[in-house]
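# Observations on the three-dimensional arrangement
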Amino acid sequence: MTARLELRGVARRYGETVALHGVDLCVEAGEYCVLLGPSGCGKTTLLNILGGFVDPTAGAVLIGGRDMTRTPPEKRPTTTVFQDYALFPHMSLRDNVAFGLRMRGVGRGPRHARAEAMLDLVGLPGAGARRPAALSGGQRQRVALARALAVEPDVLLLDEPLGALDLNLRRAMQAELKAIQRRVGATFVHVTHDQEEAMAIADRIVVMNAGRIEDEGPPERVYRRPRTRFAAAFLGETTFLEAVARGGAFDTPLGPLALPHPAPEGARVTLSLRPEHVGVGDGLSLGRGEVIETVFQGVHRRVRCAMAAAPGVELLALLPVGADAQVGDVLDLTLDAPHVAVLTED
Ligand code: ADP
Ligand code: MG
């Protein structure tokens, strides 16, 4: 039905290339886990190690508490939806979806019933007799998902499943994927390089960079309190300020900032300021900034300001759309201090 995943020190090299450095990760049974990171960071390698298509050069893979490091794909309780999820063009959708069941020797009646039920689940009721060529990209993606779910995997592995879809359809399918996952209860591991997609869909986000996990946890925690600069920057816009803890405040290029965050005296940290926590209302003063760029974004106006106190330091702020901020205006910027993230990595 569903299974917990555990990776212990999983590494993979390709010749000189290290695709994964000893990765440790647990995904609870029934969780929707998203692997997020830039191209080449090792997401597909990690997914294929879970599915059994790639052997790790070191480490162990446990699925449902059992060591499956050397277990072939067909003996694992996993199904993979590959990035290129080719359907069989000459088969009906029903036969496409029932394919895995046929391989397992399930009789025609039950497997067709199951295929129709899966087509229902993905929003294609009654489409069993149609052929893939008659479908849009989004509909083909749904059939690939129905095909993967038909065999009732404990764990479903999806590699950039929405990558081929246009933006509106992507957003709609994200909500559906999550709803389907809730209904079937299986553990999902979904690879993407789209941070909005990751935040929209994940119970657990795993931020990867250059073969390592930079941070992992619930989307809100990772967004608000990222563990590393990479995770902070990959998950949305932010401005970094180098700072030193001194006398209960932080010395920064903009002067001392009295943030309500404890830090040992003398500690060197990086402050991460999200644009939505910088503005012109109440808050901790950041000093004056000259507007050098302004972008109307519908729900707010995003401005970039060059700070008078520190040449070279630019802050991003979100202002209400009604705010009249033109390039060249000077604003008294303020900070919603409790929301600043203090990063303590080297
Ligand atoms: P992602 O899915 O995040 O884009 P991959 O897991 O595909 O990243 O790749 C991680 C790294 O491993 C990249 O540097 C890639 O070039 C390398 N790599 C992946 N698969 C192979 C392979 N079969 N042979 C050689 N190098 C590979
Ligand atoms: Mg990939």
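Note that the structure is predicted; figures quoted are calculated from it, not measured. (Residues numbered from 1 in each chain as written. Chains lettered and ligands numbered in written order. Predicted model: local features only at pLDDT ≥ 70, side-chain atom pairs only at ≥ 80, totals over all residues. Heavy atoms only, no water.)

### Regarding the site of ligand 1
Every residue close to ligand 1 is listed here: Tyr-14, Thr-17, Ala-19, Pro-38, Ser-39, Gly-40, Cys-41, Gly-42, Lys-43, Thr-44 and Thr-45. With respect to ligand 1, the backbone of Gly-42 contributes an N or O atom lying 3.1 Å from an oxygen atom. Residue Thr-45 places a side-chain N or O atom 2.5 Å away from an oxygen atom belonging to ligand 1. Summarising the interface, the protein chains cover 58% of the accessible area of ligand 1, which totals 560 Å² for the free molecule. Sorting the residues of the shell around ligand 1 by element identifies strand S2 (17–27) and helix H1 (43–51) as the ones contributing at least two each. Looking at the shell around ligand 1, the element that brings in the most residues is H1, giving three residues. Of the residues in the shell around ligand 1, the class split is four nonpolar, six polar and one charged. (Near = heavy atom within 4 Å. Polar contact = N/O pair within 3.5 Å; in protein donor to acceptor, adjacent residues only side chain to side chain. Areas by Shrake-Rupley, 256 points an atom, 1.4 Å probe, with all protein chains shown as cover. Helix = DSSP H or I, 4+ residues; strand = E, 2+ residues; numbered from the N terminus. Nonpolar A, V, L, I, M, F, W, Y, C, P; charged D, E, K, R; others polar.)

### Some thoughts on the sheet that holds strand S18 (residues 314–319)
The strands that make up a sheet are held in pairs by hydrogen bonds between backbone atoms, and each pair lies either parallel or antiparallel. Taken in spatial order, the five strands make up an open sheet running S15-S19-S16-S17-S18, and their pairing is antiparallel. The open sheet has two edge strands, strand S15 (278–279) and S18, and neither has a second partner. By the bridge criterion, six bridges tie strand S17 (residues 301–307) to S18 in an arrangement that is antiparallel. Bridge pairing in S18 links Arg-301 to Leu-319. (Pairing = 2+ DSSP bridges.)

### Here's the deal with the state of the cysteines
Per the stated rule, a full pass over the model turns up zero disulfides. Of all cysteine sulfurs, the one in Cys-33 lies closest to Cys-26, which takes part in no disulfide; the gap is 11 Å. Cys-41 takes part in no disulfide bond, and the closest cysteine sulfur, belonging to Cys-33, lies 13 Å away. The buried category is assigned to Cys-41, whose relative accessible area is 1%. (Disulfide = S-S within 2.5 Å. Buried < 20%, exposed > 50% of the residue type's maximum accessible area, 1.4 Å probe, protein only.)

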